[in-house]
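Chain residues, written in single-letter form:
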Amino acid sequence: MVNRHFLTLMDFTPSELAMLVNRATELKNIHHQGQVYEPLKNKVLGMIFEKSSTRTRVSFEAGIAQLGGSAIFLSPRDTQLGRGEPIEDSARVLSRMCDIIMIRTFAHETVKNFSDNSRVPIINALTDDYHPCQLLADMQTYQEHRGSIQGKTVTWVGDGNNMCNSYINAARQFDFNLVVSCPAGFEPMAELLEANKDRVTIEHDLSKAVAGSHLVVTDVWASMGQEEEQKEREKVFQPYQVSPELMDLADAEALFMHCLPAHRGEEISHDMLDDPRAVVWDEAENRLHAQKALMEYLLSNEEN
Ligand code: CP
Ligand code: NVA
């Protein structure tokens, strides 16, 4: 059996991703109907968090419990990870004890190293470069509200960060066009832009970038690990705020998403999350269902 990992959206084919999104909605319905569905009985999820989290931690931990398994939360504060044990050694050991492992860390290279030394599937639960689990939930949320995203136009507003990079991968894998509206100097990864220039464009003018868009997405101006840049970034990013007035320039059916946590008064206006076009609570809930689909798939079959 080939050991599959989910480090970026590019690790799965477009049809696998489409299947996962559909399955996420099925698992959501099963859960909402109160049915017990425990295909992962006795399976253990290791959860390594080197950065903070609310949604990711709770959705993975609740998700594996609902599927019949259990989770172990591991932080560098109270494991040998924080005392310099090499990541490769930690991967070798933990993957002999856990059935699947998710990692939230800084360098993307760390999850790569971990997966190279793991006997079990590794899930990227956010690195400085990518946040693919969030994209599964976002794609599920769009599909549940508006149907297929294929051929639509999505506008990314703000920092060319880990979420933005994952949106570029999503544009490729889910077949939509992406307009990135960021301040000069805060563009997403250059090689990703180059590889996807047939469907991703940069438009620094925010009004032009959202005109006719079907989905407007933003994120914090300073990500985890960039706290000391917060004040400087607040100045540069000032023109890049999403508000109901900005959304009025988008398509009449446009939706607004934000992976959360959100900073009202910065990347969004104080009233943005109360606007009916904002689907952020569904988006947050869908982390649970999408990751259940992901864990079920990674742990399910020999032909993976
Ligand atoms: N969106 C997201 O990943 O949230 P957390 O940082 O709370 O996990
Ligand atoms: N870009 C943000 C996403 C948080 C879920 C960060 O990395 O902090």
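Our subject is the structure listed above.
These remarks concern the structure in this document. Since we're looking at a predicted model, the values are computed, not measured.

**Focus: the overall build of the protein**
Looking only at helices and strands, the protein has 11 helices and 9 strands in total. Projected onto the principal axes, the alpha-carbon positions of the protein cover approximately 50 × 45 × 35 Å. A sequence separation of at least 24 residues applies to 72% of the contacts in the protein between residues at least 6 apart. Summed over all atoms, the accessible surface of the protein reaches about 12,700 Å², with 50% contributed by carbon and sulfur.

**Structural notes on the site of ligand 2**
All residues adjacent to ligand 2 are Leu126, Asn161, Asn162, Asp219, Val220, Ser223, Met224, Cys259 and Leu260. Asn161 places a side-chain nitrogen or oxygen 3.4 Å from a nitrogen atom of ligand 2. Within the side chain of Ser223, an N or O atom sits 2.7 Å from a nitrogen atom of ligand 2. In a pocket analysis with a 2 Å cut-off to the grid points, ligand 2 is assigned to the largest pocket. Looking at the shell around ligand 2, its residues break down into 5 nonpolar, 3 polar and 1 charged.

**Re the site of ligand 1**
The environment of ligand 1 is formed by Ser53, Thr54, Arg55, Thr56, Arg104, His131, Gln134, Cys259, Leu260 and Arg287. For ligand 1, an oxygen atom lies 2.9 Å from a polar atom in the side chain of His131. The side chain of Gln134 places a nitrogen or oxygen atom 3.0 Å from a nitrogen atom of ligand 1. When atom positions are compared with the pocket grids, ligand 1 is found to occupy the largest pocket. Looking at the shell around ligand 1 residue by residue, the class counts come to 2 nonpolar, 5 polar and 3 charged.

**Let's talk about the layout of surface pockets**
One water molecule sets the probe size; rolling that probe over the atoms shows where empty space is left. Each pocket or cavity is described by its volume, and for the largest pocket that value is around 360 Å³. The wall of the largest pocket is formed by 23 residues, among which Arg104, Leu126, Met224, Leu260 and Pro261 lie closest to the centre. When residues of the lining of the largest pocket are traced back to their parent elements, those giving at least two are helix 2 (55–66) and helix 6 (162–174). A per-class count over the lining of the largest pocket returns 8 nonpolar, 9 polar and 6 charged.

**Notes on the nonpolar core**
Here is a general trend for soluble globular proteins: nonpolar side chains tend to be buried in one another's company. Formed by 58 residues in total, the largest nonpolar core has its most connected members in Phe6, Ile123, Tyr167, Phe176 and Leu178. Among residues more than four places away in sequence, those in contact with Phe6 are Asp11, Phe12, Leu17, Ile122, Ile123, Asn124, Pro132, Cys133, Leu136, Leu294 and Leu298. In this structure, Leu206, Val210, Phe256 and Leu273 belong to the second largest nonpolar core, which totals 18 residues.

**Focus: the packing of aromatic side chains**
The geometry of an aromatic ring pair is captured by the separation of the ring centres together with the interplanar angle, meaning the angle of the planes. Tallied over the full model, the rule gives 6 aromatic pairs. Considering the side-chain rings of Phe6 and Phe12, the 5.1 Å spacing of their centres and the 50 degrees angle between planes classify their relative orientation as tilted. Across the pair, Phe12 and Phe6 agree in class, each one buried. Aromatic pair Trp156 and Tyr167: ring centres 5.8 Å apart, planes at 40 degrees, arrangement tilted. You can see Trp156 sitting in strand 5 (residues 153–157) and its partner Tyr167 sitting in helix 6, a full 11 residues away along the chain. For the pair Trp156 and Tyr167, a shared accessibility class is recorded, and that class is buried.

**Description of the sheet that holds strand 5**
A sheet is described by the order of its strands in space; here 5 strands give the open sequence 7-6-5-8-9, paired in parallel fashion. The strands lining the two open edges of the sheet, one partner per strand, are strand 7 (200–202) and strand 9 (255–258). The mean angle between the axes of side-by-side strands here comes to 20 degrees, regardless of whether they run parallel or antiparallel. Of the strand pairs in this sheet, strand 8 (residues 215–218) and strand 9 are connected by 4 bridges, and their pairing is parallel. Residue pairing across strands places Leu215 opposite Leu255, the latter belonging to strand 9.

The rules behind the values
Residues numbered from 1 in each chain as written. Chains lettered and ligands numbered in written order. Predicted model: local features only at pLDDT ≥ 70, side-chain atom pairs only at ≥ 80, totals over all residues. Heavy atoms only, no water. Helix = DSSP H or I, 4+ residues; strand = E, 2+ residues; numbered from the N terminus. Contact = heavy atoms within 4.5 Å. Areas by Shrake-Rupley, 256 points an atom, 1.4 Å probe, with all protein chains shown as cover. Near = heavy atom within 4 Å. Polar contact = N/O pair within 3.5 Å; in protein donor to acceptor, adjacent residues only side chain to side chain. 1 Å grid on protein atoms, 1.4 Å probe; cavity = no way out; pocket = protein on both sides within 12 Å on 5 of 7 lines; lining within 4 Å. Sits in = over half its atoms within 2 Å of the grid points. Nonpolar A, V, L, I, M, F, W, Y, C, P; charged D, E, K, R; others polar. Points joined across faces, edges and corners; volume = space filled by probe spheres on them. Core = buried A, V, L, I, M, F, W, Y, C linked by side-chain atoms within 4.5 Å. Buried < 20%, exposed > 50% of the residue type's maximum accessible area, 1.4 Å probe, protein only. Phe/Tyr/Trp six-rings, centres within 6.5 Å; stacked < 30°, edge-to-face > 60°. Pairing = 2+ DSSP bridges. Axes fitted to C-alpha atoms, helices over the stretch in contact; angles between N-to-C directions.

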